[in-house]
Amino acid sequence: MQITYERDLRKSSMVVTMDTDPAGYQYRMCEKNRIPGLLSYEILIADGRVQFWYDITGLQSFETYLETKQISQELFYHLFHAVYQVVMECEIYLLDENRLSLDASHIYVNPATQEIGFCFFPEQEWSLRQNFRNLIEYFMKHMEHGRNQSTELIYRIYQITLAEEYSLEEVQEFVKQLKHADIKHADSRENSQDKEKRTENECVTAKADQPVNQSVSGAGKVHADRQAETMQPPKTRISHIAHLLQQVWQHVPGFLEQYQNRKDRRMKREQEKLQVVFEPEAEPEREQTVFLGDMIPEKRNGLLFVYQGMEQGRNLSVDQFPYLIGCKDGVDGCIERDGISRLHAQITQEADGYYIEDLNSKNGTRVNGVLLHYQEKVLLSPGMEIAFAGEKYIFYEKESNPLT
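Residues numbered from 1 in each chain as written. Predicted model: local features only at pLDDT ≥ 70, side-chain atom pairs only at ≥ 80, totals over all residues. Heavy atoms only, no water.

Observations concerning the overall build of the protein
Scanning the protein from terminus to terminus reveals 8 helices and 20 strands. Burial statistics for the protein: of 404 residues in total, 35% are counted as buried. Restricting to contacts in the protein with at least 6 residues of sequence separation, those with at least 24 account for 56%. Of the roughly 26,700 Å² of accessible surface on the protein, a fraction of 50% belongs to carbon and sulfur atoms. (Helix = DSSP H or I, 4+ residues; strand = E, 2+ residues; numbered from the N terminus. Buried < 20%, exposed > 50% of the residue type's maximum accessible area, 1.4 Å probe, protein only. Contact = heavy atoms within 4.5 Å. Areas by Shrake-Rupley, 256 points an atom, 1.4 Å probe, with all protein chains shown as cover.)

A short note on the sheet that holds strand 17 (residues 370–371)
In spatial order, the strands read 11-10-20-19-16-17; together these 6 strands make up an open sheet with antiparallel pairing. Of all strands in the sheet, those bounded by a partner on one side alone are strand 11 (316–318) and strand 17. Two elements, strand 16 (residues 365–367) and strand 17, share 2 bridges in a ladder whose sense is antiparallel. Within strand 17, the position partnered with Arg366 by the bridge is Leu371. (Pairing = 2+ DSSP bridges.)

Comments concerning the pattern of salt bridges
This model, assessed by the stated rule, comprises 9 salt bridges. Arg314 is the partner of Glu311 in a salt bridge, and the nearest nitrogen-oxygen pair spans 3.6 Å. Note that Glu311 is salt-bridged to Arg337, the shortest N-O span being 2.4 Å. Taken as a pair, Glu311 in the loop between strand 10 (303–307) and strand 11 and Arg337 in the loop between strand 13 (333–334) and strand 14 (345–350) lie far apart in primary sequence, 26 residues in all. Several salt bridges converge on common partners, so that one network encompasses Glu311, Arg314, Arg337 and Glu391. (Salt bridge = Lys/Arg side-chain N within 4 Å of Asp/Glu carboxyl O.)

Section: the confidence of the model for the protein
Predicted confidence across the protein gives a mean pLDDT of 78, with 67% of residues reaching 70 or more. Mean pLDDT across the secondary structure elements of the protein bottoms out at helix 7 (residues 219–230), with 48, and peaks at strand 19 (residues 385–388), with 96. In the model, residues 212–224 has pLDDT below 50 throughout and makes 5 contacts with residues more than four positions away in sequence or in other chains. Long-range and interchain partners of residues 228–232, a stretch whose pLDDT sits below 50, account for 6 contacts in this model, where long-range means more than four residues apart. (pLDDT = per-residue confidence, 0-100.)

What to know about helix 3 (residues 73–92)
Given a rise of 1.5 Å per residue, 20 residues ought to cover 28 Å, and the 29 Å separating the end C-alpha atoms of helix 3 matches this to within 8%. Just beyond helix 3, the residue with positive phi is Leu94, at close to 60°. (Expected span 1.5 Å × (residues − 1).)

Describing the layout of surface pockets
Within this model, the largest pocket holds a volume of roughly 370 Å³. Lining the largest pocket are 18 residues, with Arg34, Leu39, Glu115, Ile116 and Gly117 sitting closest to its centre. Elements with a minimum of two residues in the lining of the largest pocket: helix 3, strand 7 (108–109) and strand 8 (116–117). Looking at side-chain class alone, the lining of the largest pocket contains 7 nonpolar, 8 polar and 3 charged residues. (1 Å grid on protein atoms, 1.4 Å probe; cavity = no way out; pocket = protein on both sides within 12 Å on 5 of 7 lines; lining within 4 Å. Points joined across faces, edges and corners; volume = space filled by probe spheres on them. Nonpolar A, V, L, I, M, F, W, Y, C, P; charged D, E, K, R; others polar.)

Topic: the environment of Arg314
Along the polypeptide, Arg314 turns up in the loop between strand 10 and strand 11. In this structure Arg314 touches Tyr307, Ile335, Arg337, Glu391 and Tyr393, once residues within four positions along its chain are discounted. Within polar-contact distance, the side chain of Arg314 engages the side chain of Tyr307 at 3.3 Å. (Polar contact = N/O pair within 3.5 Å; in protein donor to acceptor, adjacent residues only side chain to side chain.)

Structural notes on empty space enclosed by the protein
On inspection of all chains with the given rule, the structure shows 1 cavity of 30 Å³ or more. Considered as a void within the structure, the largest cavity measures approximately 60 Å³ in volume. Around the largest cavity, the lining residues are Cys30, Asn33, Arg34, Ile35, Leu38, Leu39, Ser40, Tyr41 and Phe120. Residue composition of the lining of the largest cavity, grouped by class: 6 nonpolar, 2 polar and 1 charged.

Below you can see the structure in the form of structure tokens.
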């Protein structure tokens, strides 16, 4: 089985070439029906060999998709549900589930809708159990290890798949129990938070309903007295304030005397400091040696894509790798224009230079006018014209860019 990728102005395809005769029930059923969860294909005969052209327009392989996504519990739930559903569809259409590929490079996802599609290879025969176990192992290799829910979930499911005669129904039942437990935990957490809020509100209401004149002692008495003072009639309140001012005024002379004493002591200390007979002369500062190498400006690195349009501020400055280009938040270079896909292309760095790769975008990426196929990488060199859909740029390395 040989796999290549082709693209024209209409669509993008994964081409699987086999040395086989396209006959039999499995071929006809997949070719003539739109089976939910399976990628549709057309059969062509070229040079005596059979080619299956799977339509992957606007899709990304799960292998590529995980380069920009973190493996989460929700993502795994979504993928497993898709696997379980497509196996059920195979049973409905009397297709052999062991011909379903669960290789991450053959599972495709629509970045916009999150729909997942699988490849059914009529002439290949694997073991569904082994394929699913391999998929779990793939997740384990690419996830961030540590104690978190997604890691524990995948490890626990992997333990189930180690059994020789396990079934997807067992995994499905286990996942349902976990999801049910998560929902109950979330509901109990919300209920406890609501209960805490209700308790707080009841406490506030109870305090507001307490009578002001109840008998209290200590600090509570002072607080009650102050509340009682604010509720006194105007004439009584004014006489009380006058009485307080009179008490404060009696202490003013003592405060002034203490202030004057502190001021005198401070002035005496200042005079003692000024009675210095000799002060050592400061040594002259030595001139620092400056190396000529320190005066050489730091070499700037990185890449620049200079926009070939009338608008300003549309250049793309690339200073990290991989560098994702698309039209939504979460990418490194955002081009908010019609025709640009959510994840359109990416720039990568390898030992021999910088490469550009189209991420199976809807309207494609062109290098010097040539449309890139999916998973085709092109080595960049200064002066190349790069077009993301209809948006054109000229590529430079920053040292060679005449604008810098």
